[in-house]
Structure formats: structure tokens, C-alpha cells
Amino acid sequence: MSDLPLLHVEYARNDLADLLRQDDVLAVLGFGRDAPPTGDDPRYLRVGLEPLQDRAPLEVWRAPGPISHGVAGRVRWSSTNDYCFGAIEVAEADFPDVATATEAAYSSLSAFARGGRWPHLLRVWNYLAAINEGAGDAERYKHFCTGRSAGTRELGTYFPAASAIGRSDGVPVLQVYWLASRVPGTAVENPRQTSAWCYPRQFGPTPPTFARAMRGPTATPQLHISGTAAVVGHDSQHTGDLQAQLRETFANLGSLLKSAGNLPAFDRNSVLKAYVRHREDLTRVEAALGGYLPPEIPRLILLGDICREELLVEIDGIHSVR
Ligand code: 3EB
């Protein structure tokens, strides 16, 4: 077993420039139009999901330095000895369709990962515009899945944990960012859910290639949790019922923690993000999270489309044991 340090993730109110002067800051993420725009420093990325609380914090990833950073082709990256943060943005206008754009992003990601000292993808976030546009096999999310799979064939079946969410700002630029490591993690599946890469044909020509979670190669447990929604087996549950979808989502999260090695319940060492399809559901989602989680757990609620039209909410996060 390996013993990488835990990645420390927090939601902070600091000024971006102050954060980027600190020598243990691997990455900073900003959310929505009021966040600082993406600039020259590859450690910072603004993503196209609007925060639903008043003033969104910045998400800060810290790991023991020294930290290097740079730009390699399409990839903006930063790294410690153990971890690498990478980000790619691909304008859809430069490609014939979303599948081709996604394949290009993932080919760059794969080549970068394979060629460097951090070849093991632990966790990937994907944000694309109009994710549910198109009917049946023509839905953009399904084309995204085809492109992702085509761009990552060399990775075999070592799939990272992932989230794929519709950008609420509608900007037709695919954003992909990730966490990779020097030594591999351990993928974790959820016994309540069919593994995504085994989804039946009705969910599209190319099944989604992600693990339900990834246990980091850390001395004490750190679990990178994929976007988790009200999916049981391969089917969505409770269409039209937000509260029931949240209950099912928390049942899935509980089952995942158990499957990852009987991990304890979420506490102050975890951080969670909830993606909400409809702005008007914010108050109800906030209240429901308050019922499922102790108040000290940092959480961020973002406006974004879930990749199945009937799903109203999805939760991801990082669970850590210190
Ligand atoms: C699901 O369980 C819901 O395509 O990367 C969740 C997390 C979902 C990641 C992805 C999709 C993805 O199938 C959707």
C-alpha cells in the first residue's frame, strides 16, 4: 500500500491572488460569472456552473509542495511530487460535433497523463453545455460518452471517479479537469448500482466510463466520490420527486461508503457539492442537506443539468479520514 498525503480540499473566501501566493495550493476553482475569470496561472480555473448561494467561495486544493505548474498543448497543469491537477477547455465551434470535441479533449488528457509522472487518473469533472439536448441516442450527453470512450481507449478499464454536468451558463466550451496521482488508487463500485460501463443499450450506444468512487492511495482513507444520484441498478428512481431523489441519493452514498471499506459517516473532513437542475429547488435542497448532514460539513450548491433528464439533483464530494 502507498501512503500519499491526503489532498486537502476546502471552500475558502480568500482573495484568489492571496491563495495563489501560498506554496501548498495545487488548484483553485471558481464558480460562475462572478468568480475571477480564468487567467494565466494554470492553477486556477473558472467553471461555468452558477453557485446558488449568495457569494460562492473558491474551492481550494492543497497538498504538500513544492508545486510546479505549466501549460503543455491543450493542458494547463500543476503538480506536487504526488498529485497533478490538469484542466482542458475545448471550444465546440472548433469541431464538427460534441463527440469529436470530447474525443480531442480526452486524447490530450490521456497523452498528458501517460507521458508524465502522474499517470493515474483518480477523479475527473466534465462540464458541457446543453447536456440533455437531443432525443434518444442524439442526446449530447450520449455523444459526450462516445467521445470520452474513444479518447481514453488506452486507459483500459481503470476508470476514474467522475461527474458530468450541464454548464448552466450555456457556453459551448467543454471543460474537463482532473486529479491524477503518482501511484494508482482503487476504484470502488456501489452494490446498489449497476457499474456505469455495464449500463444496457437503452442508455446510449457507448456506456459511461467512470467508477462510482476512487479510493486514493493515501495512508488514511480518502474517497473521491463520483456524481451520485437517484439511480438504483441502472434505472432512475422517483421521477418528479425531489425529496425522494435526495433520499435515494443518500442511500447510495451510504452504500458507497460501506463498500469502500466501512468508512464512517460524513464529518467535517468531507466536502460535498450538490448540483441542482432547477434554481427554484435551492431552498428545498439546502433544507434536505441539513437533514442528512451535520452542519459542519462544507457544501456547495451549484446550478447545473444532470445527465439524465429526469434527475433533479446529484451529489459528489471527497470523504476523508484524518
Ligand atoms: C449515473 O449514475 C448518473 O458520465 O461521468 C454520474 C456520474 C453520472 C458521472 C459521467 C454520469 C457520470 O449514471 C450520471
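Named according to an unreviewed UniProt entry, the protein chain is Pteridine-dependent deoxygenase originating from Tahibacter amnicola.

Enquirer: Let's hear about the pairing of strand S10 (residues 161–167): which residues, and what values?
Expert: Of all seven residues making up S10, seven are buried, and the element is well covered by its neighbours. In this sheet, S10 lies alongside strand S9 (residues 120–129) in parallel orientation, the contact comprising seven bridges. Within S10, the position partnered with Arg 123 by the bridge is Ala 161. Note on the crossover from S9 through helix H3 (residues 140–151) to S10: the handedness is right-handed. Looking at chain direction, S10 and strand S18 (residues 299–306) are connected through three bridges and run antiparallel. Following the sheet pairing, Arg 167 is matched in S18 by Gly 304.

Enquirer: Please give an account of the UniProt feature "domain: Chorismatase FkbO/Hyg5-like N-terminal" (unreviewed entry) in the protein chain that cites residues and values.
Expert: If you check UniProt for "domain: Chorismatase FkbO/Hyg5-like N-terminal" (unreviewed entry), the listed places come out as residues 59–180 in our numbering. Across residues 59–180, the secondary structure splits into 25% helix and 39% strand, with the terminal C-alpha atoms separated by 17 Å.

Enquirer: An account of the packing of helix H2 (residues 98–115) against H3 is requested, with residue identities and associated values reported.
Expert: The contact between H2 and H3 brings their axes to 7 Å, and the two run at 35°. H2 and H3 meet at a crossing whose hand is right-handed. Of the residues in H3, those touching H2 at Val 98, Ala 99, Thr 102, Glu 103, Tyr 106, Ser 107 and Ser 110 are Arg 140, His 143, Phe 144, Gly 147, Arg 148, Ala 150 and Gly 151. For the contact of H2 with H3, the residue count by class is five nonpolar, six polar and three charged.

Enquirer: Lay out the site of the ligand with the relevant residues and their values.
Expert: Near the ligand, the surroundings consist of 13 residues, among which Tyr 141, Arg 148, Tyr 199, Arg 212 and Cys 307 are the closest. A distance of 2.5 Å separates an oxygen atom of the ligand from a polar atom in the side chain of Tyr 141. In the environment of the ligand, an oxygen atom lies 2.9 Å from a nitrogen or oxygen atom belonging to the side chain of Arg 212. Under a 2 Å grid-point criterion requiring more than half of the atoms, the pocket assigned to the ligand is the largest cavity. If you list the elements that add at least two residues to the shell around the ligand, you get H3 and S10. Considered class by class, the residues forming the shell around the ligand number eight nonpolar, two polar and three charged.

Enquirer: Talk me through H2; I want residue IDs and the actual numbers.
Expert: With 18 residues, H2 ought to run about 26 Å at 1.5 Å a step, and its terminal C-alpha atoms sit 26 Å apart, in line with that. Those residues of H2 lying buried are Val 98, Ala 99, Ala 101, Thr 102, Ala 104, Ala 105, Tyr 106, Ser 108, Leu 109, Ser 110, Phe 112 and Ala 113. Measuring from the side-chain oxygen of the N-cap residue of H2 to the backbone nitrogen of Ala 99 gives 3.2 Å; that N-cap residue is Asp 97.

Enquirer: Give me the lowdown on the pattern of salt bridges, citing residues and values where you can.
Expert: A full pass over the atoms with the stated rule returns 15 salt bridges. Here Glu 50 ties to Arg 33 by a salt bridge, and the two come within 3.9 Å at their closest N and O atoms. Within this pair, whereas Glu 50 is found in strand S4 (residues 50–51), its partner Arg 33 is found in the loop between strand S2 (25–31) and strand S3 (44–47), the two being separated by 17 residues in sequence. Owing to a relative accessible area of 10%, Glu 50 belongs among the buried residues under this scheme. Residue Arg 33 is classed as exposed on the basis of its relative accessible area, which comes to 60%. Across the pair Glu 92 and Arg 140 runs a salt bridge, and its minimum N-O distance is 2.7 Å. Taken as a pair, Glu 92 in the loop between strand S8 (83–91) and H2 and Arg 140 in helix H3 lie far apart in primary sequence, 48 residues in all. Arg 140 matches Glu 92 in its accessibility class, with the two residues each being buried. Shared partners join several salt bridges into a network, and the residues in it are Glu 10, Asp 24 and Arg 62.

Enquirer: Help me get a handle on the nonpolar core, residues and values and all.
Expert: In terms of nonpolar packing, the biggest core is built from 41 residues, with Trp 61 and Tyr 177 touching the most fellow members. Examining the composition of this core, we find that four residues originate from one element, S2, more than from any other. In terms of nonpolar packing, the next biggest core, distinct from the first, is built from 28 residues, Leu 246, Leu 263, Ile 301 and Ile 315 among them.

Enquirer: Can you explain the sheet that holds strand S5 (residues 58–62)? Please cite residues and give values.
Expert: Spatially, four strands are ordered S1-S5-S2-S3 in an open sheet, and the strand pairing comes out mixed. Strands with a single pairing partner mark the edges of an open sheet, and in this sheet they are strand S1 (8–12) and S3. This sheet shows a mean twist of 20° between the axes of neighbouring strands, independent of strand direction. As defined by bridge partners, S2 adjoins S3 across four bridges and the pair is classed as parallel. Within S3, the residue paired with Val 28 across the bridge is Tyr 44.

Definitions and limits used
Residues numbered from 1 in each chain as written. Predicted model: local features only at pLDDT ≥ 70, side-chain atom pairs only at ≥ 80, totals over all residues. Heavy atoms only, no water. Buried < 20%, exposed > 50% of the residue type's maximum accessible area, 1.4 Å probe, protein only. Helix = DSSP H or I, 4+ residues; strand = E, 2+ residues; numbered from the N terminus. Pairing = 2+ DSSP bridges. Right-handed = clockwise from strand over helix to strand, strands pointing away. UniProt positions renumbered as here; feature names shortened; annotations may be inferred. Axes fitted to C-alpha atoms, helices over the stretch in contact; angles between N-to-C directions. Left-handed = near helix turned anticlockwise from the far one by under 90°. Contact = heavy atoms within 4.5 Å. Nonpolar A, V, L, I, M, F, W, Y, C, P; charged D, E, K, R; others polar. Near = heavy atom within 4 Å. Polar contact = N/O pair within 3.5 Å; in protein donor to acceptor, adjacent residues only side chain to side chain. 1 Å grid on protein atoms, 1.4 Å probe; cavity = no way out; pocket = protein on both sides within 12 Å on 5 of 7 lines; lining within 4 Å. Sits in = over half its atoms within 2 Å of the grid points. Expected span 1.5 Å × (residues − 1). Salt bridge = Lys/Arg side-chain N within 4 Å of Asp/Glu carboxyl O. Core = buried A, V, L, I, M, F, W, Y, C linked by side-chain atoms within 4.5 Å.

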